[in-house]
Structure formats: C-alpha cells, structure tokens
Amino acid sequence: GTIQGFLEIMNIPYGGCGVLASALAMDKGMAKELFKSHKLPVGRYIVIVTVDIEKNIDKTIAKIEAAVNYDMFVKPVNMGSSIGISKVKTREELVKALNIAKNFDRKIIIEEAINCREIETGVMGNYELQVAAVGEIVQKLSFYDYKAKYSDDVGTELVIPALLPEDVYEKVRNLAKAAYEALDCNGFARVDFFVDKDTNDIYLNEINTIPGFTKYSMFPLLWEEAGISYSQLIERIVELGYERYNAKNNR
C-alpha cells in the first residue's frame, strides 16, 4: 500500500487495488483475520513478533506448537515470491526457520502444512467482477519457492484449467470473489487456495494484489483460458484504474 499511497497523494491514477486492500493483502496475518471475520475458510496459523524470539525462544516455540501442528510453513508476514519461507517438520527446524524469517520482517506467520493441491484464480473489476479460469501449480519441490516461480527448469507445471470436480472448481471461483470483496479490492488480483488432496476441502491462502506477469506467471494464463488475451488484460486493467480514479474525483 505504500506505492499506492504515494500515487494517491500525487493524485495520479493507477491500476489495481488501493491503499487499504494492498496493505491488508500484503500483511498475511491481518488478511487471514479479515477472511475469518467473513466466514471464509482458512487453515490453522499463528502470528508472532520477532522480539518474542529474542526474549524467550522456548516460550515462543511452545506457543507455536500449541497453535499449529507439524508440518509447518514459517513465513515473514510482509513478503512475497516465497522469500524467507521454510517448511519445517521438527522443533530444531522450526528454530532455524524462525531465525531466517526474522531477517525479513518484524512479524512472522506460522501455518499448518496441508496435504494439498495449490490452486489459483484471478478476479478483475471494480463493481462488476469477473473471475478467471482456475489453475493448479504442480511441482516436484516441497513447495512453490522463488526459483519455481521465476524459472522453468525445476519441474514446475501449470495445469489450466485445474482438473477439479466441477463443484469444487466453482466453489473456488465463488470464494475468490468473496475474498476479493472482503478486502475491498479493485482492479485486479490473484487469489490463492489450497485444496485438500484427501477431502477436497478448500482453504483460502492469500490474495496477491500485484501478481506476476512473466511468461511463467499464472495470472495472465488464467485470463487467456477465460478468453482474454494478454494485451486485452493490460488494457482492461488500465481502464479499471481510470474508472476508479474518475469515480473518486467525481469526473
């Protein structure tokens, strides 16, 4: 939300979400709290501040273990592209992961690792919302890390559309729209989910308000599957930015 705030101060129109939605989506802990308040399904998690690690690591570990079962993912709260993330299976690994994550943020979120499929879709619009196709990330690594997101030599595969039961597929799309509205998003965003491999239960992971647009990125490919080309997508994002700007300035 910092760049968006600067643009607002300068009265410059821009594409995508505003200050509040951008800031909330970036803070994974606050976003999950808001999702919970809207009765949207999220996995088990806990947020700690890094000073707790330095004050009393044993108490902090006990607090985490009481809230979240192993295996866990340890993440800086305000980071993207899987930077600073570790998957841990033991207390020893948890200590190491916390010390890595604290280098990137003052808050850390610890989430229960779900035996899941990683599912994503896109939402676009200010008032009348469109939802893209649903895609799945299939990778050989233990999780979708930085290298997998920005290169094609690590065995990552994007399956579009995702091979999900029809009811699960449509539920993902409906939940994506609800999550987008819950954070008061505008313009466009990518919404990420976990689908349990055994039960098909759906868990909302996060919203990315500035998703990748590289040739490896899911977001433009999901819209292409929905019939909107890359160039059309860019044009629509610009139009939505001006629409929001004009509405705010009564033009």
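Residues numbered from 1 in each chain as written. Predicted model: local features only at pLDDT ≥ 70, side-chain atom pairs only at ≥ 80, totals over all residues. Heavy atoms only, no water.

A few words on the side chain of Thr 121. Structurally, Thr 121 is set in strand 5 (residues 116–124). By relative accessible area, Thr 121 is classed as buried at 0%. Reaching out from Thr 121, the side chain makes a polar contact with the backbone oxygen of Ala 133 at a distance of 2.8 Å. (Helix = DSSP H or I, 4+ residues; strand = E, 2+ residues; numbered from the N terminus. Buried < 20%, exposed > 50% of the residue type's maximum accessible area, 1.4 Å probe, protein only. Polar contact = N/O pair within 3.5 Å; in protein donor to acceptor, adjacent residues only side chain to side chain.)

With that out of the way, let us pick up the environment of Asn 250. Looking at the secondary structure, you find Asn 250 in the segment after helix 10 (230–248). In the structure, Asn 250 is positioned 37 residues away from Phe 213 in sequence and 31 Å away in space, judged by C-alpha atoms.

What follows concerns the packing of helix 2 (residues 19–26) against helix 3 (residues 28–37). For the pair helix 2 and helix 3, interaxial distance at closest approach is 5 Å and the crossing angle is 105°. Viewed along their axes, helix 2 and helix 3 adopt a mutual orientation that is roughly perpendicular. Residue-level contacts link Leu 24, Ala 25 and Met 26 of helix 2 to Lys 28, Met 30, Ala 31 and Leu 34 of helix 3. (Axes fitted to C-alpha atoms, helices over the stretch in contact; angles between N-to-C directions. Parallel < 35°, antiparallel > 145°, perpendicular 65-115°, else oblique. Contact = heavy atoms within 4.5 Å.)

Another aspect to go through is the nonpolar core. Within the largest apolar cluster, 36 residues are counted, with the highest numbers of intra-cluster contacts made by Phe 35, Ile 119, Leu 164, Val 191, Phe 193, Leu 204 and Ile 207. Mapped by element, the contributors of at least two residues to this core are helix 2, helix 3, strand 5, strand 6 (130–138), helix 8 (166–182), strand 8 (188–196) and strand 9 (202–208). Looking at this core, the element that brings in the most residues is helix 8, giving 8 residues. Other than its neighbours up to four places away in sequence, Leu 204 contacts Lys 32, Phe 35, Leu 40, Pro 41, Val 42, Ala 179, Val 191, Asp 192 and Phe 193. Counting residues in each nonpolar core, the second largest holds 15 residues, with Met 72, Val 88, Leu 94 and Ala 101 among its members. (Core = buried A, V, L, I, M, F, W, Y, C linked by side-chain atoms within 4.5 Å.)

By themselves these figures say nothing about function.
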